[in-house]
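Analysis of the macromolecular model
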Amino acid sequence: MDYNFRNIEQKWQQHWAKTDAYKVSNDRTKPKYYVLDMFPYPSGAGLHVGHPLGYIASDIFARYKRLKGYNVLHPMGYDAFGLPAEQYAIEHGIHPADSTRQNIATFEKQLNNIGFCFDWSRRVNTSEPGYYKWTQWIFLQLFGSFYDRSQQKARSIDALQAIFEKEGNQVHPCPGDAALVFSAKDWQSYDHKRRQEILMNYRLAYCGYGEVNWCEALGTVLANDEVVNGVSERGGHPVEKKTLRQWYLRITEYADRLLEGLETVEFSEAMKEMQTNWIGKSTGAEITFKIDSEQGTVPAFTAYTTRPDTIMGVDFCVLAPELSWVLDISSTEQRPEVEKYIAYVKSRSERERMAEKRITGCFTGAYAINPFDENKKIPIYLSEYVLAGYGTGAIMAVPSGDERDYKFAKYFEIPITNILGDLFDGENANPTKDAILVNSGMLDGLPMREAMEVVIDKLQAKGIGKRKTNYRMRDAAFSRQRYWGEPFPITWQDSVAVPLDEKELPLLLPKVDKYGPGPGGAGPLAAIDSWTDRHLETNTMPGYAGSSWYFLRYMDPHNTEAFCDPAASTYWNQVDLYIGGTEHAVGHLLYSRLWTKILFDLGFINFQEPFKKLLNQGMIQGSSRFVYRRHGTHEFISHGLIMGQQVDKIHVDVNIVDGVELDTAAFKQWKNGEFKDASFILEDGKYICGVEVEKMSKSKFNTVNPDVLVEKFGADTFRMYEMFLGPVEQSKPWDTKGIEGVHRFLKKLWRLFFEDEKGAIWTDEVPTKAELKVLHKTIQKVQTDTERYSFNTVVSAFMVCVNELTDLKCHKKQILMPVLIMLTPYAPHIAAELWQVLGGEGEILDAAFPEFNPQLIQESSKNYPVSINGKMRTSMEFPLDADKDSIQAAVLENEVVKKWVDNNPIKKFIFVPNKMINVVI
RNA sequence: GCCCUGGUGGUGGAAUUGGUAGACACGCAGGACUUAAAAUCCUGUGAUCAGCAAUGGUCGUGCGGGUUCAAGUCCCGCCCGGGGCACCA
């Protein structure tokens, strides 16, 4: 009887579906365990082999916890709003809801092939009205709240109005406009519109203005990764900055709590570091510099610095070129150059500006005055490395202490003041905080760390500066000029944003005929009369809206009265194990942490960190293929012929490339004929593509479909192979070769139960000591390694176990049954089949994980490695309880040891019990 | 550019706290079974040198230094790959 995985897997998948084996109840008598995967965006490309890596790991862990007696919540759903479906709609005229539904059907079929234990009755889909009703509802809570800094929590905006009525905003400074100060009397005198304007500056979800990548030719806003070398990836059209009205989430108010919360969760140190860096908390000072310009119309500006102690080393200042008053200080002579430079910067994306190695900049012709030395005139420059969005958009540059400032000074031949004494060598900036200051006037002789406080005190005393904590993090842009996202439950009345009543939710996305952009950069909804007639907000929410709270919805997915019943969220509580990629390190994870904290503050849930333990699955990388378009043409140059020509590098679908050779006919038809006009410059009659290993993703056209592998080898083999590939946290390029080894293992396991001629060969015999040792060694390894998420070594432990049982010719039920239980999380179908064959009672899914007995693997002696001077030369067997002296005597008598020691005196004899022996001569 | 992460045989990887580098697989080579193939099984397999062989020597965890009786593991400096950098999700 052969291992017929197709029949077996079909049989058990049907059985488990029929018996609702994966249905989870909110049964509060059992201890709970919540295992969650980052849910996928259901792309048209379907599932690729990278997706299931994390899902298999979480499935194994969920099943393992079930064997250990927990009530395990392990749901799956879809992050179903997003750009690709909309782009597809624009290109093919198919409604995103329809294509999304189809894509989900494909995903689900593929997921079910792999045999996951998801409770599908809890499936969520962020694009369904029943779900996004609650996304909108939570948005209304954010809109209706502000952050009370004195209480360090979100509170209702109504409470704030009551406070304003009584005491103005003395106690609650305005986060959106620090200069705004008013009394109760002022407030009472303001009209409705003015009051709403002020409240907008406090709301956690608020409306403001922000810059976007605007492409006139496409009439739309582009994502950063849709812009390549300043032109659109699609079509190569110019892209420039445009300011649009946008919604934001006031995440900056939560910066400190987001930092503190990191100490309470089990994320990797790297992950915590990334989030900490993203938040970018720094302390320093804001310093006001007087401006000496031709016009004299702008009297001063404020710079933010983390190093106020270096104030006397400031040799120039740099402004972000997009500051509105830059031209007002430019001298007549410099003005043309300034205008040219501003135009240049306008064409550059923020990414490009920060990544630029070349030094660019321009002198304004104006000077700043050092606040502690009226005679020191400091030239004011513009440069793209200063961003308007960080700090005040102006910096004081200290070339002796900052590398970038140093290079800038050298490039523009600005004389450098050395305030570091011997610690500055004139060749490199030295960012030390431990120098004794020189050339610093009143600060001379002070250690830098002390000078910081002195300078801040003096600034505050003179009223020209203050201590300031700054965050690199900015408020999160929360609107998109798109169709396929949650509509905002907001109407505009006389320029005031008015929330819809809860009863009007969900505000349904209207049906449209075309999905193109609306007028003037607005989203498609702006082109729909029935929508604009009601003065509804025409932006939609971004992709991360629905994913910021979905883990709560799984707990109570069908509730029509609330986003989640508090009883359910109290029971299921935090996600115990959350698995997903590091690419979400700062986006999704920060946003969901923010939403959780706000919902906690407002009393809707009783925990403030969503994810207790985070496991980052590595990326399964794809092997991408590229074609090279000569810049500004439709001419494609084969990889070997580029020779430094200026080309646009474009991903091409790996499925129309054979090895590295492009199928040029298929390429012309690809992407709905986008490249139909392509011409090719070939080498040896072939178009050779470039190759790179990178993230496997639909947008890089390098995906591999798991269905093919499941069909050929079965789900159990596929699951185990994905785990066997390496540590789940580690990234690796996909490679199918090697899957046969895992398949052979399952066949070898099968042969412990069945033989070709004899058929069934298992027995009821009593196991030997050696067999029990194999079993318990395996129990120990499988348990400890599963618990430390080292699934790849568990797979090899199973292989070792089966190899050894085969060598021992062991076919005994008492050994095989516990092995099957352990194998269940990894290869559930074959385990269930063999369990039934052996006459196991009940469902193997609910069997008890075997108990490890350390006595059965106890050894009485150890084969010690014996080293001479740290180099292993031989090995010797000693009883575990042997003492050092007797071991030393025996070792020194050993022939190999004698040969190496060669009568030299023994300097040291190192014996580490149960580890090793080292003789030092 | 900045932040994070990784680099071990031909390949994926193992080595859990500094203690026998290369477990387990893939591939490859040779063999058994077969008319043949597939499947299966067995043996070998880091490099290099000496030897008919058993065996033994040397080198070896990206590169260069260091700490230690002992370094893949710890420290310093570099090189290369991957992820993120705020509108891909």
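Residues numbered from 1 in each chain as written. Chains lettered and ligands numbered in written order. Predicted model: local features only at pLDDT ≥ 70, side-chain atom pairs only at ≥ 80, totals over all residues. Heavy atoms only, no water.

Selection criterion: UniProt positions are given in the numbering used here, feature names are shortened, and annotations may be inferred rather than shown by experiment.
An unreviewed UniProt entry lists chain A under the name Leucine--tRNA ligase, with Arachidicoccus ginsenosidivorans given as the organism. Quoted verbatim from the Subcellular location (unreviewed entry) field of the UniProt record, the comment on chain A reads "Cytoplasm".

**A look at helix H26 (residues 791-807)**
Keep this limit in mind: Only DSSP runs of H or I covering at least 4 residues are called helices, and only runs of E covering at least 2 are called strands; the numbering of each starts at the N terminus. Here, expected helix span is obtained from the residue count minus one, scaled by 1.5 Å. Residue exposure (1.4 Å probe, protein chains only): buried if accessible area is under 20% of the type maximum, exposed if over 50%, otherwise partly exposed. Contacts are assigned to residue pairs that have any heavy atoms within 4.5 Å of one another.
Relative to the 24 Å expected for 17 residues at 1.5 Å per residue, H26 spans 25 Å between its end C-alpha atoms, a close match to the ideal helical length. Residues of H26 that are buried: Phe 791, Asn 792, Val 794, Val 795, Ala 797, Phe 798, Met 799, Cys 801, Val 802 and Leu 805. Of the surrounding elements, those touching the buried residues of H26 are helix H2 (51-67), helix H23 (715-724), helix H24 (739-750), helix H25 (769-787) and helix H27 (813-823). Directly beyond the C-terminal end of H26, a positive phi value near 50° is found at Lys 809.

**Section: the state of the cysteines**
Just so we agree on the cut-off: Cysteine sulfur atoms that pair up within 2.5 Å are treated as a disulfide.
Scanning the model with the defined rule gives 0 disulfides in all. There is no disulfide at Cys 317, and the cysteine sulfur nearest it, in Cys 362, is 15 Å away. Cys 317 sits in the buried class, given a relative accessible area of 0%.

**A few points about the pattern of salt bridges**
When charged atoms on two side chains of opposite charge get close, those side chains can pair. In plain terms, the rule: Salt bridges are counted wherever a side-chain nitrogen of Lys or Arg sits within 4 Å of a carboxyl oxygen of Asp or Glu.
Taken as a whole and judged by the stated rule, the model has 35 salt bridges. Among the salt bridges present, the one from Asp 256 reaches Lys 281, with a minimum N-O distance of 2.7 Å. Of the two residues, Asp 256 sits in helix H9 (residues 255-261) while Lys 281 sits in strand S10 (residues 281-292), which places them 25 residues apart along the sequence. Connected via shared salt-bridge partners are Lys 32, Asp 576 and Lys 612.

**With respect to the protein's contact with RNA strand B**
Put simply, the test is: Being near a molecule or strand, for a residue, means having at least one of its heavy atoms within 4 Å of it. Contacts described as polar in this section are N or O atom pairs within 3.5 Å, which, within protein, must combine one atom able to donate a hydrogen with one able to accept it, while residues neighboring in sequence count only if both atoms come from side chains. Residue classes follow a fixed rule: Ala, Val, Leu, Ile, Met, Phe, Trp, Tyr, Cys and Pro count as nonpolar, while Asp, Glu, Lys and Arg count as charged, and any other residue, Gly among them, counts as polar.
In the vicinity of RNA strand B lie 69 residues, with Ala 223, Glu 273, Leu 725, Arg 744 and Asn 803 positioned nearest. The share of sugar and phosphate among atoms of RNA strand B within 4 Å of the protein is 67%. One of the side-chain N or O atoms of Lys 871 is found 2.9 Å from a phosphate oxygen in RNA strand B. Tallied by class, residues from the surface near RNA strand B come to 28 nonpolar, 18 polar and 23 charged.

**What about the packing of helix H22 (residues 706-713) against H23?**
The test is simple: Only C-alpha atoms enter the line fits that serve as axes; for helices the fit covers just the stretch in contact. Angles between N-to-C directions range over 0 to 180 degrees. The labels follow the angle: roughly parallel below 35 degrees, roughly antiparallel above 145, roughly perpendicular from 65 to 115, and oblique for the rest.
H23 packs onto H22 with a crossing angle of 120° between their chain directions and a minimal axis gap of 7 Å. When the axis of H22 is compared with that of H23, the two are oblique. Contacts from Pro 706, Leu 709, Val 710 and Phe 713 of H22 reach H23 at Ala 715, Thr 717 and Phe 718. Of the residues contributing to the contact of H22 with H23, the split by class is 6 nonpolar, 1 polar and no charged.

**A few points about the pairing of strand S19 (residues 496-499)**
Put simply, side chains in a regular strand alternate between the two faces of the sheet. The following threshold applies: Strands pair, by our definition, only if DSSP identifies at least two bridges between them.
Where strand S18 (residues 490-493) meets S19, 4 bridges bridge the pair, whose relative direction is antiparallel. Considered in S19, the bridge of Ile 490 is made with Pro 499. Hairpin connection of S18 to S19: 2 residues between the antiparallel strands, including Asp 494 at a positive phi of 55°.

**Some details on the environment of Leu 682**
Within the secondary structure layout, Leu 682 lies in the loop between strand S27 (679-681) and strand S28 (690-695). For the pair Leu 682 and Ile 637, spaced 45 residues apart in sequence, the C-alpha separation works out to 6.8 Å. If near-sequence neighbours (up to four positions away) are discounted, Leu 682 is found in contact with Ser 638, Leu 641 and Tyr 687.

**A word on unusual backbone geometry**
The step from Leu 505 to Pro 506 runs through a cis peptide bond, and the omega angle for that step is -5°. With a phi close to 55°, Asn 573 is a non-glycine residue in the positive phi region. On the secondary structure map, Asn 573 appears in the loop between helix H19 (566-572) and strand S20 (577-581). A positive phi angle is found at Lys 671, which is not glycine, with a value near 50°. Position of Lys 671 relative to the elements: it lies in helix H21 (residues 664-673). Note on Lys 671: relative accessible area 33%, which makes it partly exposed.

**Some thoughts on the environment of Ala 497**
For Ala 497, the location among the structural elements is in strand S19. Take Ala 497: its relative accessible area is 6%, and that puts it in the buried class. Distance in space between the C-alpha atoms of Ala 497 and Pro 40 is 33 Å, their sequence separation being 457 residues. Those residues in contact with Ala 497 that lie beyond four places of it in its chain are Phe 143, Met 200, Trp 247, Ile 490, Thr 491 and Trp 492.

**What to know about the pairing of S10**
Looking at chain direction, S10 and strand S16 (residues 465-471) are connected through 7 bridges and run antiparallel. Bridge assignment links Ile 287 to a residue of S16, and that residue is Gly 465. Where S10 lies against strand S11 (residues 300-305), 6 bridges are found, and the strand directions are antiparallel. Across the sheet, residue Ile 287 finds its bridge partner in S11, namely Ala 303.

**Topic: the nonpolar core**
Applicable threshold: Throughout, nonpolar core names a set of buried Ala, Val, Leu, Ile, Met, Phe, Trp, Tyr and Cys residues whose side chains join them through atoms within 4.5 Å.
Counting 163 residues, the largest nonpolar core has Phe 139, Trp 247, Phe 478 and Met 720 as the members making the most contacts within it. Examining the composition of this core, we find that 9 residues originate from one element, H2, more than from any other. Not counting residues up to four positions away in its chain, the partners in contact with Phe 139 are Ala 205, Trp 247, Phe 478, Phe 488, Pro 489, Ile 490 and Met 541. Listed in part, the 53 residues of the second largest apolar core include Val 298, Ala 368, Ala 394 and Leu 459.

**As for the packing of H23 against helix H28 (residues 828-837)**
Between H23 and H28, the least distance of the axes is 7 Å, while the angle of their chain directions is 130°. Taken together, the axes of H23 and H28 are oblique relative to one another. Along its contact with H23, which presents Ala 715, Asp 716 and Arg 719, the element H28 presents Pro 828, His 829 and Ile 830. The residue makeup of the contact of H23 with H28, split by class, is 3 nonpolar, 1 polar and 2 charged.

**A look at the side chain of Ser 127**
Its place among the elements puts Ser 127 in the loop between helix H4 (96-113) and helix H5 (129-143). A distance of 2.7 Å separates a polar atom in the side chain of Ser 127 from a polar atom in the side chain of Asn 125. What Ser 127 contacts, discounting residues up to four positions off in sequence, is Ala 80, Phe 81, Thr 100, Tyr 132 and Trp 484.

**A few points about the environment of Asn 792**
One can find Asn 792 in helix H26. Accessibility expressed as a relative area gives 17% for Asn 792, which makes it buried. Taking the C-alpha atoms as reference points, Asn 792 and Pro 727, 65 residues apart in sequence, are found 5.9 Å from one another. Aside from chain neighbours lying at most four places away, what touches Asn 792 is Met 723, Phe 724, Gly 726 and Pro 727.

**Considering the UniProt feature "domain: Leucyl-tRNA synthetase editing" (unreviewed entry) in chain A**
Residues annotated in UniProt with the feature "domain: Leucyl-tRNA synthetase editing" (unreviewed entry) correspond here to residues 277-459. Within residues 277-459, the helical portion is 25% and the strand portion 25%, while the C-alpha atoms at the span's ends are 28 Å from each other.

**A look at the sheet that holds strand S33 (residues 871-879)**
Read across the open sheet, the 4 strands follow the order S33-S32-S35-S34; overall the sheet is mixed. What marks the edges here is a single partner per strand, and that holds for S33 and strand S34 (908-912). Averaged over all adjacent pairs, the angle separating strand axes in this sheet is 20°, with direction ignored. One ladder, built from 3 bridges, connects strand S32 (residues 861-868) with strand S35 (residues 916-920); its direction is parallel. Across the sheet, residue Ile 868 finds its bridge partner in S35, namely Val 919. The sheet contacts of helix H29 (residues 884-893) involve S32, S33, S34 and S35, and relative to S34 the element is tilted by about 120°.

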